[in-house]
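Listed here are the chains, written in short residue letters.
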Amino acid sequence: AGPGTIIMASGVQDFNRTESDRLNEIKGHLEIALLEKHFLQEELRKLREETNAETLRQELEKERQRRLELEQKVNEVLKARTEEVPAAQQPAKPQTQANGTDKRSHTVCSRLQKWFCDKFGEYVEDFRFQPEENTVETEEPLSARRLTENMRRLKRGAKPVTNFVKNLSALSDWYSIYTSAIAFIIYMNAVWHGWAIPMFLFLAILRLSLNYLIARGWRIQWSIVPEVSEPVEPPKEDLTVSEKFQLVLDVAQKAQNLFGKMADILEKIKNLFMWVQPEITQKLYITLWAAFIASCFLPYRIIGLAMGLYAGIKFFLIDFIFKRCPRLRAKYDTPYIIWTSLPTDPQLKERSNATVSRRASLYYSYPKSWMLQTAASRSYVGSSAPTGISRDEDTSRFHTTKRGNFHEVFNLSENERPLAVCENGWRCCLINRDRKMPTDYIRNGVLYVTENYLCFESSKSGSSKRNKVIKLTDITDIQKYKVLSVLPGSGMGIAVSTPSTQKPLVFGAMVHRDEAFETIFNQYVKITSASSSSES
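Note that this is a predicted model, so its numbers are computed, not measured. (Residues numbered from 1 in each chain as written. Predicted model: local features only at pLDDT ≥ 70, side-chain atom pairs only at ≥ 80, totals over all residues. Heavy atoms only, no water.)

Trainee: Lay out the overall build of the protein with the relevant residues and their values.
Mentor: Counting secondary structure elements, the protein contains 17 helices and nine strands. Considering the protein as a whole, with its 536 residues, one finds that 19% of them fall into the buried category. Contacts in the protein between residues at least 24 apart in sequence constitute 54% of all its contacts with a sequence separation of at least 6. Entry remark: accessible area of the protein is about 42200 Å², with carbon and sulfur atoms responsible for 60%. (Helix = DSSP H or I, 4+ residues; strand = E, 2+ residues; numbered from the N terminus. Buried < 20%, exposed > 50% of the residue type's maximum accessible area, 1.4 Å probe, protein only. Contact = heavy atoms within 4.5 Å. Areas by Shrake-Rupley, 256 points an atom, 1.4 Å probe, with all protein chains shown as cover.)

Dropping the structure here:
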């Protein structure tokens, strides 16, 4: 044996190592391919359910039959007219020969009818009623290039609006003292003399004139706030997978924040008019009554003058003072106080949950004798209730899912129900890497956490064997997991290890992964610490 054999042995080890790395890489690609295949199958199934091809075919057949019937009717009418014309001309010959005046009147009427049809026939056809056509717009497929282009278009389109809002806020903040003072004097003078509407119309005409000159090539910069030119990045032709995914995440985050702000505004307006906060809506109610009475007795000139003067003083002076003095604004700015105190729907839900938990804590803090008395009184009331009402109708007793009661779906005791954090569950897919078949490899469904169990409900209809129930005390390890390593970020999965599985169970494609992980981990620590303390 010499140095050659050592080199050969090391070469064989490197070859085996590279082969194992290749096998692992191929295995990872196979897992990704199976994931993509399963998700594509689910999307195809959803599309087939949403677009019923049979109903579309039936509607097309009906439309074709209607079109054929209309064509037949039109042909019949045209044939009838062509048959009537020569029949009307044949008896007309002796009359024309007998009387020339009738012929002249006939020709004059036909000329007038022809002239009327030529002049107004097109307009008469425009008023003909036709059935509406249900046109379905074709949606473009998702493309990174198209997405970036639309984002730039939206930014360019919203730039004039944002500049206008910036200039208004600069006027209210007295960014330029001379400009704001001149604008305040001109506005108050126009309102006092009743020239507010002509002033706004003149400003609109002036703005259009300036835009015309800018479009003709003039360089005009008329803005209170100096515009900052942002560097324009040239669009990339080819994006990597991570760049595309990061782009989609950025757009989704912006859309989420924008939709959240819009939803907050709409929910506040809805709650204002639906008497969710009676003390706030009462102020609006009294204000509307006062405005209604004032509009009935006072002339509109005085009402317009008062509203214009109030708007000018509020915009130029009161808002400036309130923005500089936040404490003063929090005490005396009534519109701001009303708007900030209006709740949104999530805030109302949190308040209701807080009141329920407070009532429960008060209930458990009372003495046992009082609880027994209340239980006896409730049982008495229940026994005296009508026979048509049963205990099964009490919906607050059991938590229900889409397929029935929670404890019946997972074969658990009646006390087991999801925690308050996950009453509706988290949408995810269960990846069981111990299974070899693709149908059992991935399952879409909903994940719940109870006091003692981790429950997964499969979305596919069938027996409860497809559901998964894991006891929290049986979990040996729980950690965050990244299903696809090629994507950026920390992933969207949770890996749970149990003694009954060789490989960890992965709950992937979970949007609220961090929230679910904290809930599961905290409950797991709570249960394990309680069990260890009871054993000790």
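Resuming the write-up.
Trainee: An account of the pattern of salt bridges is requested, with residue identities and associated values reported.
Mentor: Per the stated rule, a full pass over the model turns up ten salt bridges. With a shortest N-O distance of 3.7 Å, E149 and R146 are connected by a salt bridge. You can see E149 and its partner R146 sitting in helix α5 (residues 144-172), three residues apart, about one turn around the helix. Note on E149: relative accessible area 37%, which makes it partly exposed. Of the residues examined, R146 reaches a relative accessible area of 31% and is grouped as partly exposed. A salt bridge links D173 to K323, with the nearest nitrogen and oxygen atoms 3.1 Å apart. Within this pair, whereas D173 is found in the loop between α5 and α6 (177-192), its partner K323 is found in helix α10 (residues 300-324), the two being separated by 150 residues in sequence. The class for D173 is partly exposed, based on a relative accessible area of 24%. A relative accessible area of 37% means that K323 is categorised as partly exposed. A cluster of three or more residues bridged by salt bridges with shared partners is formed by K480, R513 and D514. (Salt bridge = Lys/Arg side-chain N within 4 Å of Asp/Glu carboxyl O.)

Trainee: Can you break down the nonpolar core residue by residue, with the values?
Mentor: Counting 23 residues, the largest nonpolar core has L447, L454, I494, F507 and M510 as the members making the most contacts within it. Mapped onto this core, the elements with two or more residues apiece are β3 (426-431), β4 (442-449), β5 (453-458), β8 (493-497), β9 (505-508) and α17 (513-535). At five residues, α17 tops the list of elements feeding residues into this core. Those residues in contact with I494 that lie beyond four places of it in its chain are I478, Q479, Y481, L505, V506, F507, M510, R513, A516, F517 and I520. (Core = buried A, V, L, I, M, F, W, Y, C linked by side-chain atoms within 4.5 Å.)

Trainee: Mind laying out the packing of α6 against α10, listing which residues take part and the relevant values?
Mentor: Contact pair α6 / α10: the axes reach a minimum separation of 9 Å and the direction vectors enclose 170 degrees. Compared by their axis directions, α6 and α10 come out roughly antiparallel. Counting all contacts with α6, which are made through S180, A183, F184, Y187, M188, V191 and W192, the residues of α10 involved are L305, G308, L309, A311, G312, I313, F316 and L317. Residue composition of the contact of α6 with α10, by class: twelve nonpolar, three polar and no charged. (Axes fitted to C-alpha atoms, helices over the stretch in contact; angles between N-to-C directions. Parallel < 35°, antiparallel > 145°, perpendicular 65-115°, else oblique. Nonpolar A, V, L, I, M, F, W, Y, C, P; charged D, E, K, R; others polar.)

Trainee: Which residues make up unusual backbone geometry, and what values go with them?
Mentor: Phi is positive for W174, which is not a glycine, with a value near 55 degrees. Tracing the sequence through the fold places W174 in the loop between α5 and α6.

Trainee: Break down the confidence of the model for the protein for me, with residues and values.
Mentor: Put simply, the protein has an average pLDDT of 77, and 72% of its residues get 70 or more. Per-element confidence in the protein ranges from a low mean pLDDT of 42 for helix α14 (residues 368-383) to a high of 93 for α6. Confidence drops under a pLDDT of 50 for residues 91-98, and excluding neighbours within four residues, the segment shows one contact in the predicted structure. For the stretch residues 366-397, pLDDT sits under 50, and the model shows eight contacts to residues farther than four places along the chain or on other chains. (pLDDT = per-residue confidence, 0-100.)

Trainee: Describe the sheet that holds β4, with residues and values.
Mentor: Strand order in the open sheet formed by seven strands is β6-β5-β4-β3-β9-β8-β7, with antiparallel pairing between adjacent strands. Unpaired on one side and paired on the other, β6 (468-471) and β7 (477-481) mark the two borders of the sheet. Going across the sheet, the axis of each strand differs from the next one's by a mean of 30 degrees, ignoring polarity. Pairing geometry for β3 and β4, over six bridges, is antiparallel. Looking across to β4, one finds that I431 is bridged to I442. Of the strands in this sheet, β3, β4, β5, β7 and β8 touch α17, which is tilted by about 170 degrees from β7. (Pairing = 2+ DSSP bridges.)

Trainee: Tell me what's going on with a nonpolar patch on the surface, and back it up with residues and numbers.
Mentor: Side chains of W275, Y285, I286, W289, F292, I293, F297 and L298 sit close together on the surface and give an oily, nonpolar patch of about 910 Å² of accessible area. Along the polypeptide, F292 turns up in helix α9 (residues 278-297). (Patch = residues over 30% accessible without salt bridge, like charges linked within 9 Å, V, L, I, M, F, W, Y side chains within 5 Å.)

Trainee: Residue-level account of α10, with values.
Mentor: A rise of 1.5 Å per residue sets the reference length of α10, with its 25 residues, at 36 Å; its end C-alpha atoms lie 35 Å apart and thus fit the reference within 8%. Within α10, the full set of buried residues consists of I303, G308, G312, K314, F316, D319 and F322. In this structure, the buried side of α10 is in contact with α5, α6, α9 and α11 (326-332). (Expected span 1.5 Å × (residues − 1).)

Trainee: Tell me about the packing of aromatic side chains, and please be specific about residues and values.
Mentor: In the structure shown here, the tally under the stated rule is eleven aromatic pairs. Measuring from ring centre to ring centre gives 5.9 Å for W289 and F292, while their planes differ by 85 degrees; the resulting arrangement is edge-to-face. Taken as a pair, W289 and F292 lie in helix α9 at a separation of three residues, close to a single helical turn. Given the relative accessible area of 43%, W289 is considered partly exposed. (Phe/Tyr/Trp six-rings, centres within 6.5 Å; stacked < 30°, edge-to-face > 60°.)

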